[in-house]
Each structure stands twice: as structure tokens, then as C-alpha cells.
Amino acid sequence: MLSERRLEVLRAIVQDYVGTEEPVGSKALTERHQLGVSPATVRNDMAALEEEGFIAQPHTSAGRIPTDKGYRLFVDKLAGVKPLSSPERRAIQNFLDGAVDLDDVVGRTVRLLAQLTRQVAVVQYPSLTRSTVRHVELLALAPARLMLVLITDTGRVEQRLIDCQTPFSETSLADLRARLNSRVVGRRFTDVPQLVQDLPESFEQDDRGTVSTVLSVLLETLVEETEERLMIGGTANLTRFGHDFPLTIRPVLEALEEHVVLLKLLGEAKDSGMTVRIGHENAHEGLTSTSVVTVGYGSGDEAVAKLGVVGPTRMDYPGTMGAVRAVARYVGQILAES
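Residues numbered from 1 in each chain as written. Predicted model: local features only at pLDDT ≥ 70, side-chain atom pairs only at ≥ 80, totals over all residues. Heavy atoms only, no water.

The name an unreviewed UniProt entry gives the protein is Heat-inducible transcription repressor HrcA, with Streptomyces siderophoricus as the organism. Its UniProt record, at the heading Sequence similarities (unreviewed entry), says of the protein: "Belongs to the HrcA family." Turning to the protein, the UniProt record has this under Function (unreviewed entry): "Negative regulator of class I heat shock genes (grpE-dnaK-dnaJ and groELS operons). Prevents heat-shock induction of these operons." (UniProt positions renumbered as here; feature names shortened; annotations may be inferred.)

## A closer look at the overall build of the protein
Within the protein, the regular secondary structure consists of 12 helices and 10 strands. Taken over C-alpha atoms, the radius of gyration comes to 26 Å for the protein, far larger than the 20 Å a tight globule of 338 residues would show. Counting across all 338 residues of the protein, residues that qualify as buried make up 49%. Long-range pairs, those at least 24 residues apart, make up 61% of the contacts in the protein between residues at least 6 apart in sequence. In the structure as shown, the protein presents an accessible area of about 16,400 Å², 49% of it carried by carbon and sulfur atoms. The distance from the centre of the 37 positive side-chain charges to the centre of the 46 negative ones in the protein is 7 Å. (Helix = DSSP H or I, 4+ residues; strand = E, 2+ residues; numbered from the N terminus. Rg over C-alpha atoms; globule rule 2.2 N^0.38 Å. Buried < 20%, exposed > 50% of the residue type's maximum accessible area, 1.4 Å probe, protein only. Contact = heavy atoms within 4.5 Å. Areas by Shrake-Rupley, 256 points an atom, 1.4 Å probe, with all protein chains shown as cover. Lys, Arg positive; Asp, Glu negative; His and termini not counted. Charge placed at Lys NZ, Arg CZ, Asp CG, Glu CD.)

## Observations regarding the pairing of strand S3 (residues 120-124)
The buried fraction of S3 amounts to 5 of the 5 residues, a majority that puts the element mostly inside the structure. In S3, alternate side chains face the same way, and those of Val-120, Val-122 and Gln-124 on one face and Ala-121 and Val-123 on the other are all buried. Pairing of S3 with strand S10 (residues 305-312) involves 4 bridges; the strand directions are antiparallel. Counterpart to Val-123 in the pairing with S10 is Leu-307. Both S3 and strand S7 (residues 230-233) contribute to a ladder of 4 bridges, which runs antiparallel. Counted as the bridge partner of Ala-121 is Gly-233 from S7. (Pairing = 2+ DSSP bridges.)

## Details of the nonpolar core
Residues Leu-29, Tyr-297, Leu-307 and Tyr-317 are the most contacted members of the largest nonpolar core, which totals 59 residues. For this core, the element with the highest residue contribution is helix H12 (residues 317-337), accounting for 11 residues. If we ignore the near neighbours within four places in the chain, the residues touching Tyr-297 are Val-123, Gln-124, Tyr-125, Pro-126, Ala-303, Val-304, Ala-305, Lys-306, Leu-307, Ala-328, Val-331 and Leu-335. Grouped together as the second largest cluster of nonpolar side chains are 24 residues, Leu-146, Leu-150, Cys-164 and Leu-199 included. (Core = buried A, V, L, I, M, F, W, Y, C linked by side-chain atoms within 4.5 Å.)

## Some thoughts on the sheet that holds S7
Spatially, S7-S3-S10-S9-S8 is the arrangement adopted by the 5 strands of the open sheet, whose pairing is antiparallel. A single partner strand is all that each edge strand has here, and the edge strands are S7 and strand S8 (275-278). Shown here is a sheet whose adjacent strand axes are inclined to one another by a mean of 15°, direction ignored. The pairing of S8 with strand S9 (residues 290-297) spans 4 bridges and is antiparallel. Bridge assignment links Arg-277 to a residue of S9, and that residue is Val-292. Contacts from H12 reach S8, S9 and S10, with the element oriented near 25° to S9. (Axes fitted to C-alpha atoms, helices over the stretch in contact; angles between N-to-C directions.)

## Remarks on the pattern of salt bridges
Going through the model one piece at a time under the given rule, you end up with 17 salt bridges. Between Arg-11 and Glu-8 there is a salt bridge, with the nearest N and O atoms lying 3.1 Å from each other. Of this pair, Arg-11 and Glu-8 are both found in helix H1 (residues 4-20), 3 residues apart, which corresponds to roughly one turn of the helix. Its relative accessible area of 24% is what places Arg-11 among the partly exposed residues. Between Arg-183 and Asp-198 there is a salt bridge, with the nearest N and O atoms lying 2.6 Å from each other. Remark: Asp-198 occurs in the loop between helix H8 (192-196) and helix H9 (208-224) and Arg-183 occurs in helix H7 (residues 170-184); sequence separation between them is 15 residues. (Salt bridge = Lys/Arg side-chain N within 4 Å of Asp/Glu carboxyl O.)

## Quick word on H1
For H1, which comprises 17 residues, the first-to-last C-alpha distance of 24 Å matches the rise-based estimate of 24 Å (1.5 Å per residue) to within 8%. When we look at burial in H1, the residues that qualify are Leu-7, Val-9, Leu-10, Ala-12, Ile-13, Val-14, Asp-16, Tyr-17 and Val-18. Contact partners of the buried residues in H1: helix H2 (26-32), helix H3 (39-51), strand S1 (55-56), strand S2 (65-66) and helix H4 (68-78). Following H1 by one or two positions, Glu-21 adopts a phi angle in the positive range, close to 65°. (Expected span 1.5 Å × (residues − 1).)

## Examining the packing of aromatic side chains
Pairs of aromatic rings are described using the distance from one ring centre to the other and the angle between the two planes. Evaluation of the coordinates by the stated rule reveals 1 aromatic pair. Ring centres of Tyr-71 and Tyr-317 lie 5.6 Å apart, and the angle between their planes is 50°; on these two criteria the pair is classed as tilted. Pair noted here: Tyr-71 is in helix H4 and Tyr-317 is in helix H12, with a separation of 246 residues, a long-range link. Since its relative accessible area comes to 2%, Tyr-71 is described here as buried. Judged by relative accessible area, Tyr-317 falls into the buried class, the value being 0%. Taking NZ or CZ as reference, Arg-179 lies 4.1 Å from the ring centre of Phe-203, over its face. Over the ring of Tyr-125 we find Arg-229; its NZ or CZ atom is 4.1 Å from the centre of that ring. (Phe/Tyr/Trp six-rings, centres within 6.5 Å; stacked < 30°, edge-to-face > 60°. Lys NZ or Arg CZ within 6 Å of the ring centre and 35° of its normal.)

As C-alpha cells, then:
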């Protein structure tokens, strides 16, 4: 275990290196921070931190920089989550309140996160597997042609055209709409198949074929939509950190183009807490020089998707964690109210 003083020295090194981009020396530390000890003592503390792998000496510089292990300790033990200021919170709310639909909410969230953190922002669309049905609308386009509109609790809207083998009357259509909604509204997608399986039998013989067709289209829609969608923004922000990537920025950019890599980065939506993965904790080779901060968002207590940012390991962790958490909270409120 590190002593309190050595933890303070590590905190000061991380803060200075993130702020100045320059390796940190013992003299600068004692001048900038009230450590209450001599530069010689700080040098000894830095030597101990280096021996234990928390800081390292880049090339021939006299100063030291944090390692992945040093940042990890900083995030776990030393860094609080920095709250956003009132003007920042108001700006977030005003910007997100202007959204007109789910695509707009996700698009605005990506832009906002990228601007606030000056990193790459990634936002996952709410997953339908964790969604509930808000409403099912059935519209007659022609005597034997219907449109099914599925609306979820997270504001997602899916439309499907249905060609029926025989004409379906307005009365039967209204009856099906009412019965279907009475069974599925407020229920999770995964429960729907069981809730509607005996519905055709409650209709007249002539209508059962059409009812079965409508239900099979509805169930297909539920299955199809478990495909996870993402939006990414702010990739150009990485060019500001060129010197933070050991050789080139290219492996990072290539990794960010892979949908599967991004989904793995965000992790399971049901883990809604804040996650910070630093450097080599990221399994993908192209991302070992980056840190990833993610959190779940949702319209209630349960997360329906994740959002987060990707940036260099030399990151303002308290500020980034604060921004990611605040944005997730506002997006959740918008989904709850929509």
C-alpha cells in the first residue's frame, strides 16, 4: 500500500501531466503543490512510485509521466467526479430539449459529448431487447394492405407494410388494434410472443389468417430490431492529441471504424454504472493507447443503452467522468418524458 503522501505525489503528477503535457519533475511539483516536504523527499517518493510501476521516465527527459497503472490508481482512489457548472448543465438541457425524435436525441448527444469532453463520443441507440411496447398502431392503406407501426418506451418507431390474403374490415382492424394493445402495452419485447400466441383463436374464422399474418410481422420486427445501432462523433478531436499516441493515430481510427469493437467498448447495457478502462485494459490492440469512459442511460432505473467517450490516456478523468454522467442523466430524463 502507498502512503498518503505518495498518493498525493501521484495525484500531483497526474494533474500536472494532464494539464501541461510535459513530464513532471520533483522541483516543479514542490513549487506548484503544497506537499509540505522538501524536493529531496519528493524525489525519493517519485523513485518509489517508479519502482512500483505507477510512473515512468519517457526517453531521456528528467521528468516522469503516469503509467496505465498510475492512472488506474488515480481514477480508483484519488479522482472524484467533477460536477458540471450550472451554466454547463443549463446548456446541456437546452440543447437536448430541442430534439424532435430519437435520431435527433442520439445525434445531439454525440455532438454534445464530443464538444464537452473534446474527445471521441460514442452513443448506442436504446436496445429493443430491453425496451417495452408503448403502442402498436394498425392502419388500413387498402382493403387488403395494412401498415403496422410499433412505438417503444424509448421513442423508437418501426413501420412495416403487411399484404393480407383477404380484405380486412375496419371493424375487425379496430378490434385487433384494441386487443393487441391491451395485451402488449407496457410489456417487454421478450414477453410479447407468449402474450399474443392465442390471439388469432379469439377472432372469427375468416379473420384468423390476417390476424396471424399481422402477429408474425410484429414478432419479426421485435427480433430484427435487436441489432444494435451506434452513432459516433468528434473523431477529429483525436488529431489534437497526436503526440499522445506512441507511433501513429491510425490504429485508433481504424478500431473506431469497427462496429463490433465499439459495441464491446461500451459493454453490456445492463451494467449501468460508470466504467473507466485505461490503456492496456482495452482488449483491442488499436486502443491500448486510449482510455474509454462509459455509463448506461435509460428512462427509469434500468439502463437501455450506453454512451461514452474515447480519448488518450492523458485525459482529464474527473472532468470527463462528470460530463459523461451528466449527459447520460439528461438523456434518460428526455426518454422518460418523451
